[in-house]
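An overview of the molecular structure
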Amino acid sequence: MKHLLPLLLLVTSSAWAQDLASQKQNVISKAEKDNLELHLDQPYAGTDNPKQKVDLYLPKKRNNDKPLPVVALIHGGGWVNGDRLGYAAAAIQFARTGDYASVAVGYRLTKEAHWPSQIYDCKAAIRWIRAHAKEYNLDPDKIAVMGSSAGGHLSSLIGTSGDVKELEGDLGPSTTFSSRVQCVVNLCGPEDFTQALMFDKDDKPISKDDAVIGLLGGTYEEKHMEALAASPVTYVTSDDPPFITFHGTADKRVSYLHAEAIHAALKEAGVPSLLVPITDGGHSSVGHPEVIARAKIFIGNTLRGETTPIDVTPIPALPEKKK
């Protein structure tokens, strides 16, 4: 799984440096080498918008004939950057095991659409998975969602708002299907927009956060109702799926307070929740190999009925590379 690690970071500079056509060709080549069946650019919203599509990765050689559990991957990028092809390597690594199908989810960015368009898109993508489960021999009752930073936020929101009609939207032809998921892997996602994501050197909240302003249409103070509506913590109820959250304790982009907030809310509601701190880790520390190893165990336990113990002791951050 070592090639999975960079794809779980907020931004993958080498990927974004390539044009999308070149990226796509690389993905096709890698998928062929790993004996995967690839279905790129599948529309889920009934539009031709290139952002409102998913990429499906299937193993040609499955470990059994049972319908495959699905890992849905939601990219980060501050809701303003990024593309689902940035999660291609991660999707390939899950699918090549023969135990999972994987789906890389695209969604409209804030340059194009403000909140709640992003969650409407992501939920429509989950419904697409269920609508096509029989066609691709997928298990519609075993879907994990996983994302980092902005993708962690959207993954968490899918997890906590499965029963919230206001966040479903009416996109696409599959609106009769559920958008619920069976587990959430949250990597440093913003969880409560009524508080700042970042703090200055004196620990004072920074309200003028361009990413948040782009999402909500203003600062969290100016757009309090939107901030509430966009916060995963707002919707936590006892029937939410299990969560595992990884977050660097020294994250300057999304404060560790957000990890504590969602974990506390889930625990209070009686939802299984694991919080794994990355000691002294920054925003990119979720790329630690141990993070990925524990996330895989969590998904395997939840979707495949495995019983491997999950270590929740803090993970020491890796030394930052010198620039």
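Our subject is the structure listed above.
Residues numbered from 1 in each chain as written. Predicted model: local features only at pLDDT ≥ 70, side-chain atom pairs only at ≥ 80, totals over all residues. Heavy atoms only, no water.

1. Quick look at the overall build of the chain
Threshold: Each helix corresponds to a stretch of at least 4 residues labelled H or I by DSSP, and each strand to a stretch of at least 2 residues labelled E; elements are numbered beginning at the N terminus. The quantity called the radius of gyration is restricted to C-alpha atoms. Its globule counterpart is 2.2 Å times the number of residues to the power 0.38. When a residue's accessible area, from a 1.4 Å probe over protein chains only, is under 20% of the maximum for its type it is buried; when over 50% it is exposed; and in between it is partly exposed. The contact definition used throughout considers only heavy atoms, calling two residues in contact when any of these lie within 4.5 Å. Only the protein chains shown count as cover for residues, and all accessible areas are computed by the Shrake-Rupley method using a 1.4 Å probe. Counting rule applied: Lys, Arg positive; Asp, Glu negative; His and chain ends not counted. A charged residue contributes its charge at one atom only: NZ of Lys, CZ of Arg, CG of Asp or CD of Glu.
When helices and strands are counted, the chain shows ten helices and eleven strands. Taking 323 residues into account, the globule formula puts the C-alpha radius of gyration at 20 Å, and the chain, at 18 Å, falls close to it. Across its three principal directions, the C-alpha atoms of the chain cover 55 × 45 × 40 Å. Within the chain, the proportion of its 323 residues that are buried is 56%. Considering only residue pairs separated by 6 or more positions, the chain has 75% of its internal contacts joining residues 24 or more positions apart. When the accessible area of the chain is evaluated, it comes to approximately 13900 Å², of which 52% is carbon and sulfur surface. Separation between the mean location of the 34 positive side-chain charges and that of the 39 negative ones in the chain comes to 6 Å.

2. Section: the nonpolar core
To be explicit about the condition: Only buried residues count toward a nonpolar core, which is a set of Ala, Val, Leu, Ile, Met, Phe, Trp, Tyr and Cys residues joined through side-chain atoms within 4.5 Å.
Ranked by internal contacts, the top residues of the largest apolar core, which has 57 residues, are Ile129, Leu138 and Phe193. The element that contributes the greatest number of residues to this core is helix H4 (residues 117–131), accounting for seven residues. Setting aside chain neighbours within four positions, we find Ile129 in contact with Val70, Ala72, Val103, Leu138 and Ile143. One finds Tyr87, Phe94, Tyr100 and Ile292 within the second-largest nonpolar core, a separate group that totals 35 residues.

3. A closer look at the sheet that holds strand S11 (residues 315–316)
By way of backbone hydrogen bonds, the strands of a sheet pair with one another, either parallel or antiparallel. The line we're drawing: When DSSP locates at least two bridges between a pair of strands, those strands are taken to pair. Angles shown run from 0 to 180 degrees and are taken between the N-to-C directions of axes, each axis being a line fitted to C-alpha atoms and, for helices, limited to the stretch in contact.
Pairing is mixed in the open sheet, where nine strands are placed in the order S1-S2-S4-S3-S5-S6-S9-S10-S11. What marks the edges here is a single partner per strand, and that holds for strand S1 (36–43) and S11. The pairing of S1 with strand S2 (residues 53–59) spans six bridges and is classified as antiparallel. The residue bridging Leu38 from the neighbouring strand is Tyr57, located in S2. The strands that helix H2 (residues 20–33) touches are S1 and S2; relative to S1, the one it contacts most, it runs at about 150°. Docked against the sheet, helix H3 (residues 88–95) engages S1, S2, strand S3 (68–74), strand S4 (101–105) and strand S5 (138–148), running at close to 30° with respect to S2.

4. With respect to the pattern of salt bridges
Selection criterion: Basic side-chain nitrogens of Lys or Arg form a salt bridge, by our definition, when they fall within 4 Å of a carboxyl oxygen of Asp or Glu.
Within this structure, the stated rule accounts for 14 salt bridges. We note a salt bridge from Lys51 to Asp83, for which the minimum N-O separation is 3.2 Å. Of this pair, Lys51 sits in the loop between S1 and S2 while Asp83 sits in the loop between S3 and H3, and the two are 32 residues apart along the sequence. The residue Arg294 makes a salt bridge to Glu290 at a minimum N-O spacing of 2.8 Å. With a gap of four residues between them, Arg294 and Glu290 both fall in helix H10 (residues 289–304), about one helical turn apart. Exposure remark for Glu290: the relative accessible area of 30% places this residue in the partly exposed category. Within the structure, one salt-bridge network assembled from shared partners comprises Lys24, Asp41, Asp55 and Arg84.

5. Thoughts on H10
Under the convention used in this document: By this rule, a helix spans an expected 1.5 Å times one less than how many residues it contains.
The end-to-end C-alpha separation of H10 is 22 Å, in line with the 22 Å expected for 16 residues at 1.5 Å each. Taken together, the buried positions of H10 are occupied by Val291, Ile292, Arg294, Ala295, Phe298, Ile299, Gly300, Asn301 and Leu303. Positive phi appears at Gly305, one or two residues downstream of H10, with a value of about 70°.

6. A short note on the environment of Pro69
Looking at the secondary structure, you find Pro69 in strand S3. Along the chain, Pro69 and Glu191 lie 122 residues apart, while their C-alpha atoms are 26 Å from each other. Residue contacts for Pro69: discarding those within four places in its chain leaves Asp99, Tyr100, Ala101, Asp139, Lys142, Leu303 and Arg304.

7. Considering the packing of H4 against helix H6 (residues 150–160)
Condition: Roughly parallel refers to an angle under 35 degrees, roughly antiparallel to one over 145, roughly perpendicular to one between 65 and 115, and oblique to any angle outside these ranges. Crossing handedness follows the turn of the near helix against the far one: under a right angle anticlockwise gives a left-handed crossing, and clockwise gives a right-handed one.
In contact at an axis separation of 10 Å, H4 and H6 are set at 65° when each is read in the N-to-C sense. Taken together, the axes of H4 and H6 are roughly perpendicular relative to one another. Judged by the twist between their axes, the crossing of H4 over H6 is right-handed. Between H4, through Gln118, Ile119, Cys122, Lys123 and Ile126, and H6, the contact on the second element is made entirely by Leu154, Leu157 and Ile158.

8. Structural notes on the packing of aromatic side chains
Stated precisely, the cut-off is as follows: Whether two aromatic rings pair depends on their centres lying within 6.5 Å, for rings of Phe, Tyr and Trp, where Trp uses its six-membered ring; planes under 30 degrees apart make the pair stacked, over 60 edge-to-face, and the rest tilted.
Applying the stated criterion to the full structure yields three aromatic pairs. Residues Trp128 and Tyr136 carry aromatic rings whose centres are separated by 6.3 Å and whose planes lie at 35° to one another, so their mutual orientation is tilted. The same class applies to Trp128 as to Tyr136, namely buried.

9. Considerations on helix H9 (residues 257–269)
What counts, and what does not: Of all possible arcs, the one meant is that of the directions from the helix axis to the C-beta atoms.
Relative to the 18 Å expected for 13 residues at 1.5 Å per residue, H9 spans 18 Å between its end C-alpha atoms, a close match to the ideal helical length. By the burial criterion, the buried members of H9 are His258, Ala259, Ile262, His263, Ala265 and Leu266. Along H9, the residues classed as buried sweep out an arc of 165° about the axis, all on the same side. Summarising the contacts, the buried residues of H9 are in contact with H6, strand S6 (183–187), strand S9 (243–248) and strand S10 (273–279). Of the residues flanking the end of H9, it is Gly270, one or two places downstream, whose phi is positive at about 85°.

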